[in-house]
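# Results of the structural survey
Listed here are the chains, written in short residue letters.
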Amino acid sequence: MRTQRLGSSGLQVSAISLGSWLTFGESVGVGATRELIAHARDLGVNLFDTADVYANGQAELALGAALAGVARNQVVIATKCFFPTSEEANDRGLSRKHLVESVEGSLRRLGTDYLDLHQCHRFDPDTPLEETVRAYEDLIRQGKLLYWGTSLWSREQITAACEIAKATGGYAPVSNQPVYSLLRREIELDVLPGCRELGIGQIVFSPLAQGALTGKYSGGRRPPGSRASDARLGRFMQRYLASETLERIDALQPLASELDVSLAELALAWCLHEPGVSSVIVGATNKKQLEQNCRAADLQLPSDASKRIDELFAPGTESLPPDPDTP
């Protein structure tokens, strides 16, 4: 597994990283989590991503238990905060109070003295951006964090944070965590160019469109045990399962067959082909999935493959029907 610099920082992260949303502490037990993480490390994965809100803190606990005894210099631990973690008014957002308390809670659950990367799970319009940036400066100077980043922020929001950090002599974000896949290419229009100018690397999530780009749902199938077959776990992926979307994914299969790779490997390798992407986050519930995903790190796409992909999934667009749950 190759590693790549996270933006212009000196931090090296594995091209494939392992996430924990809807898996650790939820659909994957503690024992299975320990086995998956050990196998991921054997495959060369060093970046593990989680959040304080995942499974109400259980994901961080499971990750911390799985990494117990692992030399700290061998892993990069990334977590996030923003969403409410209780009914208390201050247990949400990116205020100095919530950031400090969330970091302390994550440190306890993960069983570590410091976090390699702490990320703003969303932008907080109710907190002055300078307050958030200065809070990160304090946490880094205290040694509780090494780097900080954003998730699903706009180019303007990321740029503003960098300008505040520069003006105050603080620390600018080094990463952004956006949705990015063949079906979700809208960040190519604005966020990616802006982040390249600022030296901010992308740690992209949902690169397989929650499993739709693996081909497992071809023809509208819902395999037993899959995320789509579970009403709770599959509640965020209905847009990916529209018939026209699945037909477009099926049209990728001839290219994958020519390259002698799976659809998942092709989709992940395509994400990594983008120069601004430092790592892609995958989820896994078993070792076979993890091994297949990690093989994508070594796949080099020929130029004609990229052209054929662009014909199916236009650059800079979101190739999905409207979400029926939103107006």
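This report concerns the structure included in the present document.

Parameters and conventions
Residues numbered from 1 in each chain as written. Predicted model: local features only at pLDDT ≥ 70, side-chain atom pairs only at ≥ 80, totals over all residues. Heavy atoms only, no water. Helix = DSSP H or I, 4+ residues; strand = E, 2+ residues; numbered from the N terminus. Buried < 20%, exposed > 50% of the residue type's maximum accessible area, 1.4 Å probe, protein only. Contact = heavy atoms within 4.5 Å. Core = buried A, V, L, I, M, F, W, Y, C linked by side-chain atoms within 4.5 Å. Axes fitted to C-alpha atoms, helices over the stretch in contact; angles between N-to-C directions. Parallel < 35°, antiparallel > 145°, perpendicular 65-115°, else oblique. Left-handed = near helix turned anticlockwise from the far one by under 90°. Nonpolar A, V, L, I, M, F, W, Y, C, P; charged D, E, K, R; others polar.

This part takes up the environment of Val-204. Position of Val-204 among the secondary structure elements: in strand β9 (residues 201-204). Owing to a relative accessible area of 0%, Val-204 belongs among the buried residues under this scheme. For the pair formed by Val-204 and His-39, sequence separation is 165 residues and the distance between their alpha carbons is 22 Å. The residues contacting Val-204, other than those within four sequence positions of it, are Pro-178, Tyr-180, Val-277, Ser-279, Val-280 and Ile-281.

Turning next to the nonpolar core. Membership of the largest hydrophobic core comes to 89 residues, with the highest contact counts inside it found for Leu-18 and Ile-309. At nine residues, the largest contribution of residues to this core is made by helix α9 (residues 263-273).

This part covers the packing of helix α4 (residues 129-141) against helix α5 (residues 155-168). Where α4 contacts α5, the two axes come as close as 10 Å, and the packing angle between them is 60 degrees. What the angle tells us is that α4 and α5 run oblique. You can see that α4 and α5 cross each other, and the crossing is right-handed. Two secondary-structure elements touch here, α4 through Leu-129, Glu-130, Val-133, Arg-134 and Glu-137 and α5 through Gln-157, Ala-160, Ala-161, Ile-164, Ala-165 and Thr-168. Classifying every residue of the contact of α4 with α5 gives six nonpolar, two polar and three charged.

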